[in-house]
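Single-letter residue listing:
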Amino acid sequence: MHPSRLTAAVAALALSASLATALAGTATAAPQAQPVPPGHGRSLALAAADGAAASGLDELRHGADEELVRTAVTPWSNGLYYTAYERTYRGLPVAGGGDAVVLSDSSGKVRDVTGAPAPTIKVSTTAKVTAAAALATARAQLASVESADAPELTVLLKGGKAVLTWHTLVVGRTAKNAPSSLDTYVDARTGAVAQATDKILHADGRGYHNGNVTIDTAAGSMTDTSRGGFKCGGQNGSAYTGSSPWGNNGANDLVTACVDIMYAAQKEHSMLKEWFGYNGQNGQGGMVPARAGLSQVNAYYDGTKTTYGRNQNGTNQLTGIDVVAHEYGHEIFDRTPGSAGSSNENGGLNESTGDIFGALTEHYANNPNDTPDYTVGEELNFTGNNQPIRNMYNPSLINNDPNCYPQLSSGTEVHAAAGPQNHWFYLLAEGSNPGGGKPSSPICSGGPSSVTGIGIQKAGKIFMGALLLKTSSWNHLAARRATLTTAKNTYGAVECNAVKAAWNAIGVPAQSGETDCGGTTTPDFSLALNPSSGSVQPGASVTSTVNTSTTGGSAQTVQLSASGAPSGVTVSFSPSSVTSGSSSTMTVQVAAGTANGTYPITVTGTGSATHTVTYQLSVGTTTPPTGCAATEHSYQGSLTSGQTAVQPDGSYYYSATSGTHVGCLRGPAGKDYDLYLQKWNGAGWVDVAVGGTATANEDTSYNGTAGYYRYLVHAYSGSGAYTLGLSAP
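Residues numbered from 1 in each chain as written. Predicted model: local features only at pLDDT ≥ 70, side-chain atom pairs only at ≥ 80, totals over all residues. Heavy atoms only, no water.

### Overview of the sheet that holds strand E33 (residues 697-704)
For step 1, the next point in the chain: Taken in spatial order, the 4 strands of this open sheet run E27-E35-E30-E33, and their pairing is antiparallel. At either margin of the open sheet sits one strand with a lone partner, and together these are strand E27 (633-639) and E33. For this sheet, the mean angle separating the axes of adjacent strands, direction not counted, is 15 degrees.
For step 2, the next point in the chain: Two elements, E27 and strand E35 (residues 720-727), share 7 bridges in a ladder whose sense is antiparallel. In the sheet register, Tyr635 faces E35, and the bridge partner there is Leu724. (Pairing = 2+ DSSP bridges. Helix = DSSP H or I, 4+ residues; strand = E, 2+ residues; numbered from the N terminus. Axes fitted to C-alpha atoms, helices over the stretch in contact; angles between N-to-C directions.)

Structure representation (C-alpha cells):
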C-alpha cells in the first residue's frame, strides 16, 4: 500500500466531496440511493462544480489527455461557492490558458462558468533539457539571485501553441541593481527562455506614519502568528526583535516603518474577513512577509515578499496605509484564480486592484492621520511636486492618465492603464455626483447621464467576488462580466444594474452572455454528463446519463443533440428532450469495424439558451477485464494515470442494514489501480476499507452499519479499462 495514495486520489477526484444526487443518476442495477442527508450544501455545490468541470460544460471543454483539477474552493454569501480549476495535460500543469472557475450554490446548481481560452494541446512530455540546465538558464537572467524555485515540468500555452517547459521563479537583482522576480519558462527541448514575466509591480504610496496604533506581534519580535506567521524586518529578511512599544515615531526609523506596515497589512486582513468573508490576502489566512529599509524610491511585491523604500527627498519611508495595502492588493490579485498575467491590460488591472484595496483599507481603518480618500500618494510627496501619483475619481488629472476604456492601447504603461478600472470603482462606490464634499466624477462619451453609487463596502465585495472568477485571460471585458455575475448573485438587480451603469460610464461594452440584471426570473439551465467518458469495443454500446438542472427562472424544455461522432458511431437520447431538472440516457452505439481511437463527442442542450458538454469516447483501445462475476453489481470504466472515478455511476448507495460490503476491482494488466470504500460520516467521506497494493487488482471487505457508501477507483500508475464488482447488505 502506498501511504500517499489517499491524498492523490482525493486531489484527482472529479466528484470528491458530494452526495451527488443533484448530478449523478444511479444505475438500475445499483443499490438504491436515498435522499441526500440535510445540511450538505457545500458538498452539493462542489458536486455541481466538479460535474461541470468533468463534463466540459461550455468554456470548460477540454481534450482526452487533459483534466481540470480543483485547486481552490472559496465560500461566499448566499450559499455560493467559487471553485477554481487548473488544467493538466498528461498529468503536467498547464500555464497560460485553460484555467477555469465555476460559481455554484448549495442547492447543487451551477450559476456561472468562466474559462481562459486554450488551444488543442498536442505536445511531447519528454524533456531533452535537464531541470538543472533549465535552472541555470533561468538564474543567468539576473546579475544576482536571492532565491530560485526547483523547476517543474509544465506545458506553456504561448501564441496558440503548446510548449513543453521547465517553470521556475527566480528572485534577485538585474545588472542595473533593480529588484526582479522573474516567472520563467525555459523550453524543455531547446533550452531557450520561452517566456519570462517580472512579477515585481512597482507601486507608489503615501505617508509614513499612522500615529500611535495597536498592532499584533509576538512578545519579542515583529511577527504575527495569528496571520500565518506574517512578519516585518529589514532587508535581510529577519523580523525585528525587541518589545512593545515598537518604534519611536521617527520618519526614517525602520522599526517605526514596520509598525506602519504591520498596521496597514493587518487592517487590510481584517477588512477582507469582516467585510467580504475572505480569509486574508493569500486566501489561506496569511500574507507574505514584509521588508523595510530599501535604499531606493520604490515599493514592490515580488510573489515572495513586499519591500518598502523611501520617497524622492528621503524625508520618510513609503509605508502609508494605501502603499502597504496596494502592495498586498497585488498578493490578492496573484493568489486568486488566474494569478497575474503578462499583458499591459492585465498589468493595469493588477495595478488598479492594488489602488482599490488601498482605498478600501483606508476606509476600513478610518484613521484620522490618514483620512479615507480615492487618491494614491497624496501625502507622500513621492516625486517632490506634492501631488498624488494616481487619482481614482478622475484619472486624467494625473499625467493625463486615461479615464475611459477606449483610450487604452497595448502600449499603455501599466500604472496609467489602472485608470479606467479605478474610475469604474469610484463610480460604483460613490457615483458620478455623490455630494457630501466628495468629488464629482466625469462620465465617458456614450455613457449614461449619471451613475448612482452603492457604497464602498458593497462595491468592494462585488470586486472581491469578481476576482474569484478571474482566469489567466483576465481583461476589462472579463471583469465586466464577472462583476455583473457577482453583483446579481450576491445582492440583486439594483446592485447589478449599478455595476452595469459604471462599466457603461467608462466605455466597457456589454458582453455576449453576461448576466441579465432584470431580477431572478431569467430562464436558464445547466448540463452535466455522468460519466463524462467511456470505453467500448466495436459492435457494442456504452451509456451515460445527461443530467440537467434549472439555474434561473422556471423549468423549461431542453432539446438534446450530439455532434462530432466519428463514422460508425451513432448517438441517441431517451428521451430526446427533457424538462430541466430531469435526466436522459445517452446511448453511444459503435458499429463493427469502427476505427479504434479516442473521439470527443459534443452534447448540446438547447432551450432558452444553448449549453454544451463533452463526452470522451474510446473505441477498441482497451477491453474491460473480467474476474468479479461473483459480486451482485458490476460497473466498467476507463481511466488515465492519476485519474479517479466514483462508483456506482458517479454517485453513492444506501445500505439500510448492517452487513458486509464486498468490493472487487480488476484493472489493466501491469498497471497499478487502487480501490477505496468510503462512508459518509455526516460531514464528509471517510475511508473504511482500502485496497492499495502495487497491482491492478484489489479486493476489499468491510462489515459496516447502515449508511451511505461509495467506491473510489484510482489509477495510481498507468491507464486503461477496469471492472468494479460490488455487493452490499
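### Remarks on the pattern of salt bridges
For step 1, the next point in the chain: The final tally for this structure, using the stated rule, is 17 salt bridges.
For step 2, the next point in the chain: The residue Lys458 makes a salt bridge to Glu495 at a minimum N-O spacing of 2.6 Å. Of this pair, Lys458 sits in helix H8 (residues 456-467) while Glu495 is found in helix H10 (residues 493-505), placing the two residues 37 residues apart along the sequence.
For step 3, the next point in the chain: Here Arg666 and Asp699 are joined by a salt bridge, their closest N and O atoms 3.4 Å apart. You can see Arg666 sitting in strand E30 (residues 659-666) and its partner Asp699 sitting in strand E33, a full 33 residues away along the chain.
For step 4, the next point in the chain: A relative accessible area of 14% places Arg666 in the buried class.
For step 5, the next point in the chain: Residues joined by salt bridges that share partners form a network here, namely Glu146, Arg291, Asp302 and Lys305. (Salt bridge = Lys/Arg side-chain N within 4 Å of Asp/Glu carboxyl O. Buried < 20%, exposed > 50% of the residue type's maximum accessible area, 1.4 Å probe, protein only.)

### As for the state of the cysteines
For step 1, the next point in the chain: Per the counting criterion, the structure on display carries 4 disulfides.
For step 2, the next point in the chain: Between the sulfur atoms of Cys496 and its disulfide mate Cys517 the distance is 1.9 Å. An S-S torsion of about -65 degrees defines the bridge between Cys496 and Cys517 as left-handed. Taken as a pair, Cys496 in helix H10 and Cys517 in the loop between H10 and strand E18 (524-530) lie far apart in primary sequence, 21 residues in all.
For step 3, the next point in the chain: Classification of Cys496 as buried rests on a relative accessible area of 0%.
For step 4, the next point in the chain: The buried category is assigned to Cys517, whose relative accessible area is 1%.
For step 5, the next point in the chain: The connectivity of the disulfides in the chain is 1-2, 3-4, 5-6, 7-8, where the numbers refer to bonded cysteines in sequence order. (Disulfide = S-S within 2.5 Å.)

### Considering the side chain of Thr700
For step 1, the next point in the chain: Along the polypeptide, Thr700 turns up in strand E33.
For step 2, the next point in the chain: The class of Thr700 is buried, set by a relative accessible area of 6%.
For step 3, the next point in the chain: For Thr700, the contacting residues outside a window of four places in its chain are His661, Val662, Gly663, Leu675, Ala689, Val690, Gly691 and Tyr711. (Contact = heavy atoms within 4.5 Å.)

### Concerning the sheet that holds strand E11 (residues 223-224)
For step 1, the next point in the chain: Strand order in the open sheet made by the 5 strands is E11-E12-E13-E15-E14, with mixed pairing throughout. Both outer strands of the open sheet, E11 and strand E14 (299-301), are each paired with one neighbouring strand and no more.
For step 2, the next point in the chain: Bridging between strand E12 (residues 230-233) and strand E13 (residues 290-292) involves 2 bridges; their strand directions are parallel. When the sheet's bridge partners are listed, Cys232 is paired in E13 with Ala290.
For step 3, the next point in the chain: The sheet strands contacting helix H5 (residues 321-335) are E12, E13, E14 and strand E15 (306-308), and the helix crosses E14 at an angle near 20 degrees.

### So, the packing of aromatic side chains
For step 1, the next point in the chain: Under the definition given, this model contains 17 aromatic pairs.
For step 2, the next point in the chain: Considering the side-chain rings of Tyr653 and Tyr709, the 5.9 Å spacing of their centres and the 20 degrees angle between planes classify their relative orientation as stacked. In this pair, Tyr653 is assigned in strand E29 (residues 653-655) and Tyr709 in strand E34 (residues 707-717), connecting sequence segments 56 residues apart.
For step 3, the next point in the chain: Look at Tyr653 and you get buried, because its relative accessible area is 0%.
For step 4, the next point in the chain: Taking the relative accessible area as the measure of exposure, Tyr709 reaches 0% and is therefore buried.
For step 5, the next point in the chain: Lys461 extends its terminal NZ or CZ atom over the ring of Trp76, reaching a point 5.3 Å from the ring centre.
For step 6, the next point in the chain: Residue placement shows Lys470 over the ring face of Phe333; its charged tip is 4.4 Å from the ring centre. (Phe/Tyr/Trp six-rings, centres within 6.5 Å; stacked < 30°, edge-to-face > 60°. Lys NZ or Arg CZ within 6 Å of the ring centre and 35° of its normal.)

### Things to note about the confidence of the model for the chain
For step 1, the next point in the chain: Per-chain confidence: the chain averages 87 in pLDDT, with 92% of residues scoring 70 or above.
For step 2, the next point in the chain: Within the chain, helix H1 (residues 5-12) has the poorest average pLDDT of any element, 35, and helix H7 (residues 419-430) the best, 98.
For step 3, the next point in the chain: The low-confidence segment residues 1-39 (pLDDT under 50) makes 116 contacts with residues lying over four places distant or belonging to another chain.
For step 4, the next point in the chain: Here residues 202-209 is a poorly scored stretch, pLDDT under 50, and it has 56 contacts once near neighbours within four places are set aside; other chains count. (pLDDT = per-residue confidence, 0-100.)

### Section: the pairing of strand E10 (residues 193-198)
For step 1, the next point in the chain: When strand E9 (residues 179-187) meets E10, the two strands line up antiparallel, connected through 5 bridges. Bridging across to E10, Leu182 finds its partner in Asp198.
For step 2, the next point in the chain: Linking E9 to E10, which pair antiparallel, is a turn of 5 residues; within it Gly191 sits at a positive phi near 85 degrees.

### Describing the environment of Ala134
For step 1, the next point in the chain: Considering the arrangement of structural elements, one finds Ala134 in helix H3 (residues 131-139).
For step 2, the next point in the chain: Here Ala134 falls in the buried class, since its relative accessible area comes to 2%.
For step 3, the next point in the chain: The spatial distance from the C-alpha of Ala134 to the C-alpha of Thr190 is 9.8 Å, given a sequence separation of 56 residues.
For step 4, the next point in the chain: Aside from chain neighbours lying at most four places away, what touches Ala134 is Val129, Trp166 and Val186.

### Quick notes on the nonpolar core
For step 1, the next point in the chain: Among the nonpolar cores identified, the biggest contains 55 residues, and Phe276, Phe357, Leu360, Trp424, Phe425 and Met464 are the most heavily contacted of them.
For step 2, the next point in the chain: With residues near it in sequence (within four places) discarded, Trp424 still touches Phe463, Thr483, Val499, Ala502, Trp503 and Ile506.
For step 3, the next point in the chain: The next biggest cluster of nonpolar side chains, apart from the first, holds 33 residues, and it includes Ala52, Val569, Val578 and Val588. (Core = buried A, V, L, I, M, F, W, Y, C linked by side-chain atoms within 4.5 Å.)

### A short note on empty space enclosed by the protein
For step 1, the next point in the chain: Scanning the entire structure with this criterion turns up 2 cavities of 30 Å³ or more.
For step 2, the next point in the chain: As a volume, the second largest cavity reaches approximately 40 Å³.
For step 3, the next point in the chain: Around the second largest cavity, the lining residues are Asp322, His326, Asp355, Gly358, Ala359, Glu362, Asp373, Tyr374, Thr375, Val376 and Met392.
For step 4, the next point in the chain: The residue makeup of the lining of the second largest cavity, split by class, is 4 nonpolar, 3 polar and 4 charged. (1 Å grid on protein atoms, 1.4 Å probe; cavity = no way out; pocket = protein on both sides within 12 Å on 5 of 7 lines; lining within 4 Å. Points joined across faces, edges and corners; volume = space filled by probe spheres on them. Nonpolar A, V, L, I, M, F, W, Y, C, P; charged D, E, K, R; others polar.)

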